[in-house]
Amino acid sequence: MAPISTPQTPFGRVLTAMVTPFTSDGALDLDGAQRLAAHLVDAGNDGLVVNGTTGESPTTSDAEKAQLVRAVVEAVGDRAHIVAGAGTNDTRHSVELARAAERAGAHGLLAVTPYYNKPPQEGLYQHFTTVADATELPVMLYDIPGRSGTAIETETMVRLAEHPRIVANKDAKGDLGAASWALSRSGLAWYSGDDMLNLPLLAVGAVGFVSVVGHFVAPELRALLEAHLSGDVTKATAIHQRLLPVFTGVFRAQGVITTKRALALQGLPAGPLRLPLVELGSEQTEQLKRDLTAGGVQL
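Residues numbered from 1 in each chain as written. Predicted model: local features only at pLDDT ≥ 70, side-chain atom pairs only at ≥ 80, totals over all residues. Heavy atoms only, no water.

Quick look at the overall build of the chain
Stated formally: Put simply, DSSP marks the helices as runs of H or I at least four residues long and the strands as runs of E at least two long, and each gets a number from the N terminus on. The atom set for the radius of gyration is the C-alpha atoms, and the globule formula is 2.2 Å times the number of residues raised to the power 0.38. Each residue's exposure class comes from its accessible area (1.4 Å probe, protein chains only) as a fraction of the maximum for that residue type: buried when under 20%, exposed when over 50%, partly exposed otherwise. In this description, contact between two residues means that some pair of their heavy atoms is separated by no more than 4.5 Å. Think of it this way: Lys and Arg go in the positive column, Asp and Glu in the negative one, and His and the chain ends go nowhere. Charged groups are reduced to one reference atom each: NZ for lysine, CZ for arginine, CG for aspartic acid, CD for glutamic acid.
Each helix and strand counted, the chain has 13 helices and 8 strands in total. Computed over C-alpha atoms, the radius of gyration of the chain comes to 18 Å, within 12% of the 19 Å expected from 2.2 N^0.38 for 299 residues, which places it in the range of a compact globule. Across its three principal directions, the C-alpha atoms of the chain cover 45 × 45 × 35 Å. Within the chain, buried positions represent 55% of all 299 residues. Taking all contacts inside the chain whose residues are at least 6 apart in sequence as the whole, residues at least 24 apart take part in 71%. Distance from the positive charge centre (24 side chains) to the negative charge centre (31 side chains) of the chain: 1 Å.

Okay, here's the thing in structure tokens:
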């Protein structure tokens, strides 16, 4: 059974977009994935997104994606929301991935804006509704125009929210004004997809986070969220400011690269990267250590 959800928080509040551990020879490390998932849930995450970009989804096969979902659900699915990335720039392929994730036991789907082929808004609408029609799982949209090349416009978001299974949006647009309008008009559960904007997005109505730094500071993210919910703006701001070195450090380079390096420094399952991603250099690693230490992360 999936953990309890509400219409306001359909996937919980603090989720981490989990890396995909690989073995030293580059194969999928399912045991490592289960151990990392358990560590993240023990640390305070009430949800995990697998097979997202942070999970190196562009370079994992469809079979590997299904195996990963099944393994993570087996490890922590009774106490955390497991959301499976199913978005591609091919609607038919996305439908296949969505159905495979449902069969593997996922509790929800993350559907990113189709990238590179830059569809018009009507194409986005038809893409997302087709994916949502393909399974019985709730869907979180993922609006990240910096990667996809196309934003989900407010009118499209409002239309998509009419679908009974499109219940949330992961916002990595970096536009608080657009977020405010879309959030207020659509009624979707809003999740910050940009760690630096976690607190500002809460201020305009977000309910939680889909975080990368949640690999390292999930308790602090939960404390920030709870301070905000209780009305203690001063405390929430103080936590946000203490975490600034972490937010900055993890994204000085590509986030998967830095996250896997930091996990390795902590002795946690991560493993190598798949090309075209490459390992962090020695100077960058030293900078990452300084950043994380400044933000209170133990390495």
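Some points on the nonpolar core
Worth spelling out the cut-off: Buried Ala, Val, Leu, Ile, Met, Phe, Trp, Tyr and Cys residues that are joined via side-chain atoms within 4.5 Å together make up what is termed a nonpolar core.
Of all hydrophobic cores here, the largest spans 75 residues; its most connected members are Met 18, Leu 48, Val 72, Leu 141 and Trp 190. Of all the elements, helix 9 (residues 214-229) adds the most residues to this core, at 6 residues. Setting aside anything within four residues of it in sequence, one finds Val 72 in contact with Met 18, Ala 37, Leu 48, Val 50, Gly 77 and Ile 82. Counting 16 residues, the second-largest nonpolar core is a separate cluster that includes Phe 11, Leu 110, Val 112 and Met 140.

Describing the layout of surface pockets
Operational definition: Lining residues are those with an atom within 4 Å of a point, where the points come from a 1 Å grid over the protein atoms alone and group into cavities, where a 1.4 Å probe fits but cannot get out, or pockets, open sets with protein on both sides within 12 Å along at least five of seven lines. Grid points are joined across faces, edges and corners, and a volume is the space filled by probe spheres set on the points. When residues are grouped by polarity, Ala, Val, Leu, Ile, Met, Phe, Trp, Tyr, Cys and Pro land in nonpolar, Asp, Glu, Lys and Arg in charged, and all others, Gly among them, in polar.
Computed from the structure, the largest pocket encloses a volume of approximately 530 Å³. Residue lining of the largest pocket: 28 residues in total, with Gly 52, Thr 53, Ser 57, Pro 58 and Tyr 115 positioned closest to the centre. Of all elements in the fold, only helix 2 (62-76), helix 3 (91-104), strand 4 (108-112) and helix 5 (145-148) reach the threshold of two or more residues within the lining of the largest pocket. When its residues are assigned to classes, the lining of the largest pocket shows 10 nonpolar, 13 polar and 5 charged. Roughly 380 Å³ of internal volume is contained in the second largest pocket. Forming the walls of the second largest pocket are 21 residues, and the residues nearest its centre are Tyr 142, Ile 144, Arg 147, Gly 193 and Phe 251. Among the elements of the structure, strand 8 (208-211) and helix 12 (255-265) are those that each provide at least two residues to the lining of the second largest pocket. Counted by class, the lining of the second largest pocket contains 10 nonpolar, 7 polar and 4 charged residues.

Things to note about the packing of aromatic side chains
Applied cut-off: Two rings from Phe, Tyr or Trp (for Trp, the six-membered ring) form a pair when their centres are within 6.5 Å of each other. A pair whose planes differ by under 30 degrees is stacked, one over 60 is edge-to-face, and the rest are tilted. By definition here, charges over rings are those cases where NZ of Lys or CZ of Arg is within 6 Å of the ring centre and within 35 degrees of the ring normal.
Overall, the coordinates contain 1 aromatic pair when judged by the stated rule. Positioned above the aromatic ring of Phe 22 is the side chain of Arg 274, whose terminal nitrogen or guanidinium carbon lies 4.2 Å from the ring centre.

As for the sheet that holds strand 3 (residues 81-85)
Which entries qualify depends on this criterion: Paired strands are those between which DSSP finds at least two bridges. Axis geometry follows a simple rule: fit a line to the C-alpha atoms, using only the stretch in contact for helices, then measure angles between N-to-C directions, giving values from 0 to 180 degrees.
Read around the closed barrel, 8 strands run 1-2-3-4-5-6-7-8, paired in parallel fashion. Neighbour to neighbour, the strand axes of the sheet diverge by 25° on average, direction disregarded. Sheet analysis places strand 1 (residues 14-17) next to strand 8, joined by 3 bridges and oriented parallel. Note on strand 8: the bridge partner recorded for Leu 15 is Val 210.

Some thoughts on the environment of Val 73
When you line up the elements, Val 73 lands in helix 2. Leave out the neighbours within four places in its chain, and Val 73 touches Asp 78, Ile 82, Ala 104, Gly 105 and Ala 106.

Side note on the packing of helix 1 (residues 30-42) against helix 2
Condition: Note on terminology: angles under 35 degrees are roughly parallel, angles over 145 are roughly antiparallel, angles of 65 to 115 are roughly perpendicular, and the others are oblique. Definitions for this section: a left-handed crossing has its near helix turned counterclockwise from the far helix by less than a right angle. A right-handed crossing has that turn clockwise.
The geometry of helix 1 relative to helix 2 is characterised by a closest axis approach of 9 Å and an angle of 45° between their N-to-C directions. By the angle between their directions, the pair helix 1 and helix 2 is classed as oblique. Remark: the crossing between helix 1 and helix 2 carries right-handed chirality. Facing Leu 30, Ala 33, Gln 34, Ala 37, Ala 38 and Val 41 of helix 1, the residues of helix 2 in contact are Gln 67, Leu 68, Ala 71, Val 72, Glu 74, Ala 75 and Val 76. Across the contact of helix 1 with helix 2, the residue classes break down as 10 nonpolar, 2 polar and 1 charged.

Considerations on the pattern of salt bridges
Threshold: What makes a salt bridge here is a side-chain nitrogen of Lys or Arg within 4 Å of a carboxyl oxygen of Asp or Glu, nothing more.
For the structure on display, the rule yields 12 salt bridges. The shortest N-O distance in the salt bridge between Glu 64 and Arg 274 comes to 2.9 Å. Placement of Glu 64 in helix 2 and of Arg 274 in the loop between helix 12 and helix 13 (282-294) is noted, with a sequence separation of 210 residues between them. Relative accessible area serves as the criterion here: at 16%, Arg 274 is assigned to the buried category. Ionic contacts of the salt-bridge type, sharing partners, join the residues Asp 133, Glu 136 and Arg 165 into one network.

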